[in-house]
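Descriptive structure summary
As a plain string of letters, each chain reads:
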Amino acid sequence: MANRTDPAAKSIRGTNPQNLIEKIVRSKIYQNTYWKEQCFGLTAETLVDKAMELDHIGGTYGGNRKPTSFMCLVMKMLQIQPEKDIVVEFIKNDDYKYVRVLGAFYLRLTGIDSDIYRYLEPLYNDYRKVRRKSPDGNFILAHVDEVIDELLTTDYSCDIALPRIKKRWTLESLGALDARKSVLEDDFEEEEEKDENEQDGLEEEVAHEKDYYRGRSPARDRERDYRRDSQRHRDRDYDRDRDYDRERGRGRERDRDRDRDRDRDRDHYRLREEKEYGYERDRDREREGRERDRRDRERGRRRSRSRSRSRSRDRKRRARSSMSPRMRGAEDGKPPEESKKKKGKKEKDDGTDHLDPEIAEANRIRASLGLKPLKL
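Values in this document were obtained by computation on a predicted structure and should not be read as measured data.

What counts, and where the lines are drawn
Residues numbered from 1 in each chain as written. Predicted model: local features only at pLDDT ≥ 70, side-chain atom pairs only at ≥ 80, totals over all residues. Heavy atoms only, no water. Axes fitted to C-alpha atoms, helices over the stretch in contact; angles between N-to-C directions. Helix = DSSP H or I, 4+ residues; strand = E, 2+ residues; numbered from the N terminus. Parallel < 35°, antiparallel > 145°, perpendicular 65-115°, else oblique. Left-handed = near helix turned anticlockwise from the far one by under 90°. Contact = heavy atoms within 4.5 Å. Nonpolar A, V, L, I, M, F, W, Y, C, P; charged D, E, K, R; others polar. Expected span 1.5 Å × (residues − 1). Buried < 20%, exposed > 50% of the residue type's maximum accessible area, 1.4 Å probe, protein only. Arc of directions from axis to C-beta. Pairing = 2+ DSSP bridges. Phe/Tyr/Trp six-rings, centres within 6.5 Å; stacked < 30°, edge-to-face > 60°. Lys NZ or Arg CZ within 6 Å of the ring centre and 35° of its normal.

Remarks on the packing of helix α5 (residues 84-92) against helix α6 (residues 97-110)
α6 packs onto α5 with a crossing angle of 135° between their chain directions and a minimal axis gap of 6 Å. Here α6 runs oblique to α5, going by the angle between their axes. As α5 packs across α6, the resulting crossing turns out to be left-handed. Mapping the contact onto sequence places V87, F90, I91 and K92 in α5 and V99, R100, L102, G103, A104, Y106 and L107 in α6. Of the residues assigned to the contact of α5 with α6, the class counts are eight nonpolar, one polar and two charged.

Things to note about helix α14 (residues 357-369)
In an α-helix there are 3.6 residues to a turn, and that puts residues three or four apart on one side. Between its first and last C-alpha atoms α14 spans 18 Å; for 13 residues at 1.5 Å apiece the expected length is 18 Å, and the two agree. Along α14, the residues that are buried comprise I359, A360 and N363. For α14, the angular spread of the buried residues around the axis is 100°, confining them to a single face. Of the exposed residues in α14, the ones pointing more than 90 degrees away from its buried face are P357, E358, S368 and L369. Directly after α14, the chain includes G370, whose backbone phi takes a positive value near 85°.

Description of unusual backbone geometry
Non-glycine residue R13 carries a positive phi angle of around 55°. Secondary-structure assignment places R13 in the segment before α1 (23-30).

Quick word on the side chain of S69
You can see S69 is positioned in helix α4 (residues 69-80). By relative accessible area, which is 15% here, S69 ends up buried. If we skip the residues at most four places from it in the chain, S69 touches Y34, L54 and H56.

Comments concerning the pairing of strand β4 (residues 129-133)
Sheet topology places strand β1 (residues 57-58) next to β4; two bridges connect them, and they run parallel. Residue pairing across strands places G58 opposite K133, the latter belonging to β4. Two strands pair when backbone bridges link them, and β4 and strand β5 (residues 139-143) are joined in this way by five bridges, in the antiparallel orientation. Among the inter-strand pairings, K129 is bridged to a residue of β5, identified as H143. Counted between consecutive antiparallel strands, the loop separating β4 from β5 contains five residues, among which G137 sits at a positive phi close to 95°.

Things to note about the sheet that holds β4
Sheets are built from strands that pair by backbone hydrogen bonding, the pairs being arranged parallel or antiparallel. Taken together, three strands build an open sheet; the order of strands is β1-β4-β5 and the sheet is mixed. Each edge of the open sheet is held by one strand with a lone partner, namely β1 and β5. Packed on one face of the sheet, helix α8 (residues 144-153) meets β1, β4 and β5 and runs near 85° to β5.

Focus: the packing of aromatic side chains
With the rule as written, the count across this model stands at two aromatic pairs. For the pair Y30 and W35, a centre-to-centre distance of 5.9 Å together with 50° between the ring planes defines the contact as tilted. Since its relative accessible area comes to 5%, W35 is described here as buried. Centre to centre, the rings of F70 and F105 are 5.8 Å apart; their planes meet at 75°, and the pair counts as edge-to-face. Separated by 35 residues along the polypeptide, F70 in helix α4 and F105 in helix α6 bring together distant segments of the chain. Across the pair, exposure class does not vary: F70 and F105 are buried alike. Lying over the aromatic face of F139, R131 brings its terminal NZ or CZ to 4.4 Å of the ring centre. The positively charged end of K133 is found above the aromatic ring belonging to Y61, 3.8 Å away from the centroid.

These values are about where atoms sit, not about what they do.
Right under this line is the structure:
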């Protein structure tokens, strides 16, 4: 019975007023100790006393998401559904700021669009501080106008999904709401009156000066025109000189930029050439090193072959010198006596060992041709 809506309450937006709060939050409120002890049996008259005892606003907090006392009182207002005049008195209460915020929050949930804008927009001028309980359980500082702006411009507030409302300009175009009047409009009107008075005073001074100049002599007018023309010429000369100096400065800046670009390009090309030259030089050095190594290896191979050949000849020479004449003859395949005889016979019959060199040469030629030697 304690959690049921008043039977005389009207449905809000086609549903039970308590259904404007989500079921999970609603069940947590029903299980809360403040709801069971302080909100049981409250009426529209006794609800004011509990609202005056509020010291903070907020939705749910902590690990198990406990509801605040502010949310429990909002739930109780939805349950008993107080009259509109009582809610308006809550909003117009200047002594208790939390009572004002409670009435504004309830009107945002249950009121029509035009009433919401009509009664909540004047609260933008309330800059009093209020304490707000954050979801982690700590208190943060806020202001009444911030809370009202959140109610009018956002879809969620204090963990509650707010019903959608039309934009203000839509209601103005439909004629359901008058154009918003700024509180500073009177100040603006005073400023405009001051500006108009000053403008009138300036116009009177200008007219007085015109009358004064109109009554002066022609000589003074000519002198004044001469001064004005001379001042104009000086200003024109000054402007021309200033433009010339500016252009010259720009030209110098362009020259400096061009020189800087040229030096940068030159350094870039020089670095690239040095890099390419260094690369080619390193490549030539590597090629020369490989050629030198190849020549050294060839020279070492030739030396080793020549040493091996000289060693083999020395071994053969030593081996041949150590042989006896008979063994050397046997190695040649002929007995030593026969070789000596034949050699002696050849030396005897050949004629190439003649004392006369011409005869010896002729005998060698004849021997090569297969003819008999000359016997002289």
